[in-house]
Every structure is written in C-alpha cells, then in structure tokens.
Amino acid sequence: MTAFVTGATGFVGREVVRQLCVRGTRCVAHVRPDSRSLAAWRARFTELGAEVDTTAWDVGALAARLRALAPAQLYICIGTTRHKAKSDAISGDIYEAVDLGLTRIAVDAARASEARPRLVYLSSVGASASARSPYLRARGKAEDVVRTSGLPWVIARPSFITGDRDEARLGEKAASVVGDGLLAVASVFGGRSLRAKYRSTTPDVLASALIRVGEAGDDRIVEGADLR
Ligand SMILES: NC(=O)c1ccc[n+]([C@@H]2O[C@H](COP(=O)([O-])OP(=O)(O)OC[C@H]3O[C@@H](n4cnc5c(N)ncnc54)[C@H](OP(=O)(O)O)[C@@H]3O)[C@@H](O)[C@H]2O)c1
C-alpha cells in the first residue's frame, strides 16, 4: 500500500509520515519544490524510510505523479498562517489562496489521476462554508471540495493541536491551555461531549487517528473522541 502525504513538512504531516513508515506503508512525502529546507527534509524523511516528492502544485503535474504512484490514501495536511503567508508573499485572503486553493489542486489532481485514492483531509473543528471567520470559511469550502469530489474521503476536525513546534505559536498554546481548563470545569457540570469535541490534541495522537480513519472504508467526518 502506498500513501501520498501533502503538507508532509507540517507539525501533523511529518508525524503522519513517521507513523506510516513505522507501520511499513510505502510513504511518499510531498515537499513544495521551492522549500527553503528541502535538503534537510529530504535527509529527515529518507532516514525514516519515506520517499520525497517535489512535484509542483499544478493539477497536471500532480495528477501524473499520482497516476504513477497509485496511492491508496492522499493525506491533505496543508494550511497557512498569517506569519507563513507573509514570508510566502501571499496577500488577500490567505486561507482561500492556500488552505482552499491547494486542497482544490490536490483533489482535482487525484480525480484526474484515475488512481482513486481516499482523500484524508485534515480540517478543523468549526469548519463551515458559511462561517464568519475567513479561516473556518476556507476550511468549510475545502471540505465541500473533498466531499463532492466523487472520490472516497474522510475529514478530520480536530480542535487545537499542541506540542513543541519549531516555531512559537504562543496564542495557540495559551488558547489550548485555557480552553482545556474551561472544558475540564464544564465536564464536571455535565459538558462531557463538549469537552470531547473541543479538547486539544497532539500530533502523534492525531496522526495515528488520521491513518486509522484513512485506512477504514467509510466516508465520514471525524471529530472529538473519534480522533483519539
Ligand atoms: N494547529 C492547530 O492547532 C490546528 C487545529 C485544527 C486544525 N488545524 C489545521 O491543520 C492543518 C495542519 O496543521 P499543522 O499544525 O500541521 O500546520 P503547519 O505545521 O503549519 O503545516 C502546514 C503545512 O502546509 C504547507 N504549506 C503552507 N503554506 C504553503 C504554501 N503556500 N505552499 C505549499 N505548502 C504550504 C507547509 O509547508 P512548508 O513547511 O513548506 O511551509 C506545511 O507542510 C492547519 O493548516 C490547520 O488548518 C490546525
């Protein structure tokens, strides 16, 4: 079985790659061709036993790669932040451009490849095409692209993802600590399902859940306790 991972260099994507390699799945880690750290990622992924792919973010080029590799799963763990978009010189609605735009390219490529991989889409709790937040709106639209692709799919909606990142995201860390504390209090007063849905998670737990639901046979949205 072959798996293709986009966003492989991300906090979650790199853990998906590592766990797939440990399980003995042939794993192709996609790294953007213009990555400033391409050599380091190549060394890291090769050491894990993964293959590195640097195909451009182009539907035709990616479709040709997917056709050749015929992956059973296509993991989409892509997304930007304000900080990253700035260093990538992306302006306007950055989430439409990256989170939605690159997901659309990956899905169109998968469809055109005729390999019919299962799309394993890493989304977010609260994603909705009608959300007020540009981030959640782009995520919701991307979910729609995945769900209406005609390919098998599964969508994961985690809450905050915590742990030791290379870069500091203090706001995210603080929000998860405060959020988990409030949820712990809420659960004492009967808010157990609320806690399960919004409790923070870690990349290792999430990656393991993504692989599990990605290899299962049903199209569904997974969140809360099902992501642990
Ligand atoms: N962090 C959270 O608390 C949280 C919670 C719920 C959902 N999520 C969702 O899960 C996704 C993945 O999370 P994460 O923490 O693993 O994110 P991350 O560490 O920021 O990784 C994002 C991935 O997207 C790639 N990427 C970003 N902009 C790109 C661009 N313009 N062109 C090509 N590739 C690009 C990055 O590649 P480079 O390394 O080359 O930049 C990296 O592989 C997020 O985008 C987010 O929407 C996150």
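Since we're looking at a predicted model, the values are computed, not measured.

Conventions and cut-offs
Residues numbered from 1 in each chain as written. Predicted model: local features only at pLDDT ≥ 70, side-chain atom pairs only at ≥ 80, totals over all residues. Heavy atoms only, no water. 1 Å grid on protein atoms, 1.4 Å probe; cavity = no way out; pocket = protein on both sides within 12 Å on 5 of 7 lines; lining within 4 Å. Points joined across faces, edges and corners; volume = space filled by probe spheres on them. Nonpolar A, V, L, I, M, F, W, Y, C, P; charged D, E, K, R; others polar. Domains from an automatic or database assignment. Pairing = 2+ DSSP bridges. Helix = DSSP H or I, 4+ residues; strand = E, 2+ residues; numbered from the N terminus. Axes fitted to C-alpha atoms, helices over the stretch in contact; angles between N-to-C directions. Contact = heavy atoms within 4.5 Å.

**Side note on empty space enclosed by the protein**
Inspection of the entire model under this criterion finds one cavity of 30 Å³ or more. Approximately 50 Å³ is the volume attributed to the largest cavity. Along the walls of the largest cavity sit R157, P158, S159, A196, K197, R199, T201, G224, L227 and R228, which together make up its complete lining. Along the lines of polarity and charge, the residues of the lining of the largest cavity split into three nonpolar, three polar and four charged. When residues of the lining of the largest cavity are sorted by domain, at least three fall in each of domain 1 (2-158 + 201-227) and domain 2 (161-200).

**Overview of the sheet that holds strand β1 (residues 2-6)**
Within a sheet, each strand pairs with its neighbour through backbone hydrogen bonds, oriented either parallel or antiparallel. Here seven strands make up an open sheet; going across it, the order is β3-β2-β1-β4-β5-β6-β7 and the pairing parallel. Across the chains shown, the open sheet's two edge strands, defined by having one partner strand only, are β3 (51-53) and β7 (220-223). Taking each pair of neighbouring strands and ignoring which way they run, the sheet shows an average axis angle of 20 degrees. Both strand β4 (residues 73-76) and strand β5 (residues 118-122) contribute to a ladder of four bridges, which runs parallel. Each residue of the ladder has a partner; that of Y75, found in β5, is V120. Helix α1 (residues 13-23) rests against β1, β2 (26-30) and β4 of the sheet, and its axis sits at about 165 degrees to β1.

No statement about biological role is implied by the geometric values presented.
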